[in-house]
Amino acid sequence: MTARFRPRALLFDMDGTLVDSTAVVERVWHDFAERHGLNAADILIDSHGRRGGETVARHLPAGADVAAETARIDEQELRDLAGVVAIPGAAELLAGLPAGSWALVTSAGPALAARRMAAVGLPMPDVVVTGEDVRRGKPDPEGYLQAAAALGVPATEALIFEDAEAGIEAARTAGGRVIVVGSRTGPAADGLPRISDFTGVRATAAESGLTVELRAHTGGEAAHR
């Protein structure tokens with residue numbers, strides 16, 4: 001099945017969308033859980049798409065130092081790149097996008113975003129909105145609204161690629177058309193088009209933006225826009 005979209009810009013989440021950092025994320029949060037006697041599985045589910053400091057604050061026992069724990073996790077993630085790989089097809093898709101037509105919207109900080117993208121050979125766009133650039137992280141739509149504004153387009157005219165429930169909710173609230181990347185499910189993803197990776201995604205410049213084809217996708221309506 002092929003779906004075609006005509007957005008004016010593309011907005012991408014990073015972890016789980018362009019970059020598979022699952023191995024690192026699991027190591028970091030398992031370590032955090034062990035230190036504090038917490039359930040790692042619950043933390044991992046809750047952490048997807050959210051800023052690290054917010055996850056720490058939600059799960060850290062009362063009286064513990066949130067700032068110190070967040071700094072420790074940030075340092076662990078910066079050092080650990082073992083098992084970090086690009087999502088298949090991401091490099092080819094990004095390499096063909098016109099300058100100024102796409103942005104990265106991630107809950108990671110700027111140093112981690114740059115380090116992970118470079119580690120897997122993916123380019124950084126001119127517009128990058130990180131977890132440090134917003135007052136409220138995902139599922140708040142602030143990051144996506146900020147990125148769309150920086151590209152000079154309404155968020156309603158952007159095609160957004162996301163993998164996590166919090167990120168999908170943020171993208172939908174911003175008003176963008178959302179494509180789910182990967183297999184994660186949840187209420188926010190219900191009814192949306194879904195791709196396993198970017199190997200079947202093609203984007204070409206059009207008169208008023210881009211033409212994007214999803215040559216293999218499941219779920220959701222194949223409406224053109």
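The model shown is predicted, which means the values in this text are computed figures rather than measured ones.

Conventions we followed
Residues numbered from 1 in each chain as written. Predicted model: local features only at pLDDT ≥ 70, side-chain atom pairs only at ≥ 80, totals over all residues. Heavy atoms only, no water. Salt bridge = Lys/Arg side-chain N within 4 Å of Asp/Glu carboxyl O. Helix = DSSP H or I, 4+ residues; strand = E, 2+ residues; numbered from the N terminus. Buried < 20%, exposed > 50% of the residue type's maximum accessible area, 1.4 Å probe, protein only. Pairing = 2+ DSSP bridges. Right-handed = clockwise from strand over helix to strand, strands pointing away.

(A) Inspection of the pattern of salt bridges at higher detail. Evaluated as defined, the whole model comprises 14 salt bridges. The partner of glutamate 213 in a salt bridge is arginine 4, and the shortest N-O contact between them spans 2.7 Å. A residue pair is termed long-range when its members are at least 10 positions apart, and glutamate 213 in strand β11 (residues 209-214) and arginine 4 in strand β1 (residues 3-5) qualify at 209 residues. A relative accessible area of 28% places arginine 4 in the partly exposed class. Arginine 135 is the partner of glutamate 142 in a salt bridge, and the nearest nitrogen-oxygen pair spans 3.7 Å. Given a relative accessible area of 13%, glutamate 142 falls into the buried group. In this structure arginine 135 comes out as exposed when scored by relative accessible area, which is 65%. One salt-bridge network, held together by shared partners, links Arg135, Arg136, Asp140 and Glu142.

(B) How the structure looks around the pairing of strand β5 (residues 102-105). Alternating residues of β5 divide into Trp102 and Leu104 and Ala103 and Val105, and every residue in both groups is buried. Where strand β2 (residues 9-12) lies against β5, three bridges are found, and the strand directions are parallel. Counted as the bridge partner of leucine 11 is alanine 103 from β5. Crossover connection from β5 via helix α6 (residues 110-119) to parallel strand β6 (residues 127-129): handedness right-handed.

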